[in-house]
Amino acid sequence: MARPETTAGSEAAVVGKSTNSAVETNGKRVARDGDAPLIRFSNISKFFGVGPAGVHAVDDVSFTAHRGEFVSILGPSGCGKSTMMMLASGLIPASTGSIEIDGRRIVGPYTELGIVFQQDLLMDWRRVLGNVLVQPEFRGMRARDFEARAIDLLKLVGLVSFVDKYPYELSGGMRQRVSICRALVHDPELLLMDEPFGALDALTRDQMNLDLQRIWQENKKTVLFVTHSIAEAVFLADRVFVMAPRPTRILEDIRIDLPRPRDLDIRETPEFCAYVHKITHLFYQMGVLHS
Amino acid sequence: MSQAAQQPVTERKSWKPLARALLDRFGYGIGLTVVVLLMWEVGVKVGNVPRYLLPPPSVIAVTFVADWHIIYLNIEPTLIAILAGFALSVVIGVPLASLMVFSHLAERILYPPMVASQAIPKVAIAPLFIVWMGYGITPKVWIAFLIAFFPIVIDTVIGLRSVPPEMLQLGRSMGGGTLRVFVKLRLPHALPNVFAGMKVAITLAVVGAITGEFVGSQSGLGFLLTSASGQMDTALVFAVLVTISVIAMVLFAIIEGLERLAIPWHASMRSRKVGH
């Protein structure tokens, strides 16, 4: 894979608030890659349709996320956050601007990534292991070569005894864990998660947050995590992009300086509450929330 | 990891003994049949209905046993026509449906003649087939095919189309090209619909084969039906009708069995297991 040619100088052109949190959270990779950006949005806008019936979904979004960084994209439901995921994966083209991943400009579907959608999108006709191995199969690689890693990942999420079950035999949380394993089995640099826990109950969701943090710490992926939960965004992320709706744009890029690993109790600390308070206030200012 | 709320849904094992289960499954049907047959038997006797109009079930049963060798000889040609027509309808119907999902042009070209072919009564075009293909098995097979392929195409198209768009996006993000997405996503997703179509198709293939034999044939249950009614042997007509129904039911059950093997994961199969 080509090393990105970008230098610190060219980064100045992107959002100035970009952080170096990767240094703390990803010491090993940083030693190899320096402060290399993995994904870069430059002045991305997206329009659906034309004329008065058209929708301006994303407005001039620019940011850089570094290797191993966990970025939460936080905004109200239906504000076009998912469109940003689709843009990042190259599944839909941007109207203006450019996206680079790992130094390459994205022009078509970009496949060196894993995606987790809100629905688990498991294939009912495949057992758990087969659902994870569908990833290499679709890439035309030998599924057998990935079996060991698939089992390791399933072990990591506590599902190793379920490898031979069909999806209908699993609960919603377990199914979403399988889909996370599927997104990671080919060891991609980038993980896109589009409200992955939105359909789960609150307790399961807490557990999934803990699990995801552990998986992320063990696998060191760059994660773009779309959510509409302020607490979830702060809990998981190195940086939270607070999105303004209609059209979606980055209102503020907040760096979360909380020690890792974080447990659920951290949500009661003054530091955590300060972040939540700050973001809540931003939503009040935008009119997303009103009293 | 606490998973108290996430226990898997395990299959419920049936506690009933087999006999009880069978009675549960078939008891009502058998009971109803017995009642109807009894009323028929008594009604015909009391009303003094002549046998050539409506023979009582007992006479039909006797005829069935007495003429079994004639019936038996005629099962094979009909069965072959049914199975060949059905096989053709699957082998042609599924690829045809795939083509129509792949290409809007193909859909626009193929749908009108397909619908038209269904609107034309098969009895009306069967003589044409016989003129073209002779009195052998060929016209029967094609008539069976012509009537059976339609539900397979319609159901397969629905199945192939009903893959959630997010699933297709997932397939593309995993680097799958059109062909791989089709083979690994659309086709398995459509399998329950294909089976639904096949279940309708197998019964229609029976109708098609019999229709073909009706119009022109020297063997088969349809031929036996026409010759028996020509001789006013109404009891034999009924015996052949019973045979045809049994064949249809057995073929249907075989498709259902295959379905259970092929798609155990589908909701329609699971609700069955729980005992409804």
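Residues numbered from 1 in each chain as written. Chains lettered and ligands numbered in written order. Predicted model: local features only at pLDDT ≥ 70, side-chain atom pairs only at ≥ 80, totals over all residues.

**So, the overall build of chain A**
Move 1: The number of helices and strands found in chain A is 10 helices and 10 strands.
Move 2: The 291 residues of chain A split such that 44% are buried.
Move 3: Here the contacts in chain A between residues at least 6 apart in sequence split such that 72% fall between residues at least 24 apart. (Helix = DSSP H or I, 4+ residues; strand = E, 2+ residues; numbered from the N terminus. Buried ≥ 20, exposed ≤ 12 C-beta atoms within 10 Å, placed from the backbone. Contact = placed C-beta atoms within 7 Å.)

**Comments concerning the overall build of chain B**
Move 1: Across its full length, chain B holds 11 helices and 0 strands.
Move 2: Traced from its N-terminal end to its C-terminal end, chain B shows the element sequence α-α-α-α-α-α-α-α-α-α-α.
Move 3: Computed over C-alpha atoms, the radius of gyration of chain B comes to 24 Å, more than 25% over the 19 Å expected from 2.2 N^0.38 for 276 residues, which places it beyond the range of a compact globule.
Move 4: Summarising its shape, the C-alpha atoms of chain B cover approximately 75 × 55 × 30 Å along the three principal directions.
Move 5: When burial is assessed residue by residue, chain B has 31% of its 276 residues classed as buried.
Move 6: Nonlocal contacts in chain B, meaning residues at least 24 apart in sequence, comprise 77% of its contacts between residues at least 6 apart. (Rg over C-alpha atoms; globule rule 2.2 N^0.38 Å.)

**Quick notes on the confidence of the model for chain A**
Residues and elements named next belong to chain A.
Move 1: The share of residues in chain A with pLDDT of 70 or more is 87%, and the mean pLDDT across the chain is 82.
Move 2: Here helix 2 (residues 22-25) stands out as the element of chain A with the lowest mean pLDDT, 36, in contrast to strand 3 (residues 70-74), whose mean of 93 is the highest.
Move 3: Overall, residues 1-34 carries pLDDT values under 50, and its contacts beyond four positions in sequence, including any with other chains, amount to 51 contacts. (pLDDT = per-residue confidence, 0-100.)

**Observations concerning the packing of helix 5 (residues 122-133) of chain B against helix 6 (residues 138-161) of chain B**
Working note: a packed helix pair is described by the angle between its axes plus the distance between those axes.
Residue and element names in this part refer to chain B.
Move 1: Running from N to C, helix 5 and helix 6 point in directions that differ by 145°, and their axes come no closer than 9 Å. Between helix 5 and helix 6 lies a crossing of right-handed hand. Residues Lys122, Ala126, Phe129, Ile130 and Met133 of helix 5 touch helix 6, and the partners they reach there are Thr138, Pro139, Trp142, Ile143, Leu146 and Ile147.
Move 2: Residue composition of the contact of helix 5 with helix 6, grouped by class: 9 nonpolar, 1 polar and 1 charged. (Axes fitted to C-alpha atoms, helices over the stretch in contact; angles between N-to-C directions. Left-handed = near helix turned anticlockwise from the far one by under 90°. Nonpolar A, V, L, I, M, F, W, Y, C, P; charged D, E, K, R; others polar.)

**What about the sheet that holds strand 9 (residues 239-244) of chain A?**
Consider a sheet: its strands pair through backbone hydrogen bonds, and that pairing is either parallel or antiparallel.
Residue and element names in this part refer to chain A.
Move 1: The strand order across the open sheet built from 6 strands is 6-7-8-3-9-10, with neighbouring strands paired in mixed fashion. Two strands close off the open sheet at either side, each with one partner strand: strand 6 (113-116) and strand 10 (249-255). Sheet twist, expressed as the mean angle between neighbouring strand axes with direction ignored, is 15°.
Move 2: Direction of pairing for strand 7 (residues 190-194) relative to strand 8 (residues 222-227): parallel, over a ladder of 5 bridges. Bridge pairing links aspartate 194 to valine 226 in strand 8. (Pairing = 2+ DSSP bridges.)

**Some remarks on the interface of chain A and chain B**
Move 1: The interface of chain A with chain B comprises 28 residues on the first partner and 23 residues on the second.
Move 2: Elements represented by at least two residues in the side of chain A that touches chain B include exactly helix 5 (128-138), helix 7 (172-184) and helix 8 (202-219) of chain A.
Move 3: Here the residues of the side of chain A that touches chain B sort into 14 nonpolar, 9 polar and 5 charged.

**Topic: the sheet that holds strand 1 (residues 37-48) of chain A**
All names here are of chain A.
Move 1: Taken together, 4 strands build an open sheet; the order of strands is 2-1-4-5 and the sheet is antiparallel. One side of each edge strand has no neighbouring strand; the edge strands of this open sheet are strand 2 (55-66) and strand 5 (104-105).
Move 2: Examined bridge by bridge, strand 1 and strand 2 share 8 bridges and lie antiparallel to one another. Bridge assignment links lysine 46 to a residue of strand 2, and that residue is valine 58.
Move 3: Running over the sheet, helix 4 (residues 81-88) touches strand 1, strand 2 and strand 4 (96-101) and is turned about 60° from strand 2.

**A few points about the environment of isoleucine 244 of chain B**
Residues and elements named next belong to chain B.
Move 1: Positionally, isoleucine 244 belongs in helix 10 (residues 234-262).
Move 2: Note on isoleucine 244: 21 C-beta atoms within 10 Å, which makes it buried.
Move 3: For the pair isoleucine 244 and glycine 85, spaced 159 residues apart in sequence, the C-alpha to C-alpha distance is 16 Å.

**Focus: the environment of proline 57 of chain B**
All names here are of chain B.
Move 1: Note that proline 57 resides in helix 2 (residues 57-66).
Move 2: For the pair formed by proline 57 and tryptophan 40, sequence separation is 17 residues and the distance between their alpha carbons is 7.2 Å.
Move 3: Sequence-distant contacts of proline 57, that is, excluding residues within four places in its chain, are made with Leu37, Trp40 and Glu41.

**Details of helix 6 (residues 147-156) of chain A**
Residues and elements named next belong to chain A.
Move 1: Buried within helix 6 we find Ala150, Leu153 and Leu154. Angularly, the buried residues of helix 6 cover 100° about the axis, an arc narrow enough to put them on a single face.
Move 2: Looking at the buried residues of helix 6, the elements they touch are helix 5 and helix 7.
Move 3: With its phi angle positive at about 75°, glycine 158 sits one or two positions after the end of helix 6. (Arc of directions from axis to C-beta.)

**Section: the packing of helix 6 of chain B against helix 8 (residues 178-215) of chain B**
All names here are of chain B.
Move 1: At their nearest, the axes of helix 6 and helix 8 sit 7 Å apart, and the two run at 160° to each other. Considered as vectors, helix 6 and helix 8 are oriented roughly antiparallel to each other. Here helix 6 runs over helix 8; the crossing is right-handed. (Parallel < 35°, antiparallel > 145°, perpendicular 65-115°, else oblique.)

**Description of helix 4 (residues 104-119) of chain B**
Residue and element names in this part refer to chain B.
Move 1: The first and last C-alpha atoms of helix 4 sit 23 Å apart over 16 residues, in line with the 22 Å expected at 1.5 Å per residue.
Move 2: Of all bends in helix 4, the biggest is about 30°, found at leucine 110, and the proline proline 112 comes one to four residues later.
Move 3: Judged by how many residues are buried, helix 4 sits mostly at the surface: 0 of 16 residues are covered. (Expected span 1.5 Å × (residues − 1). Bend = angle between axes of the 7 residues up to and from the residue.)

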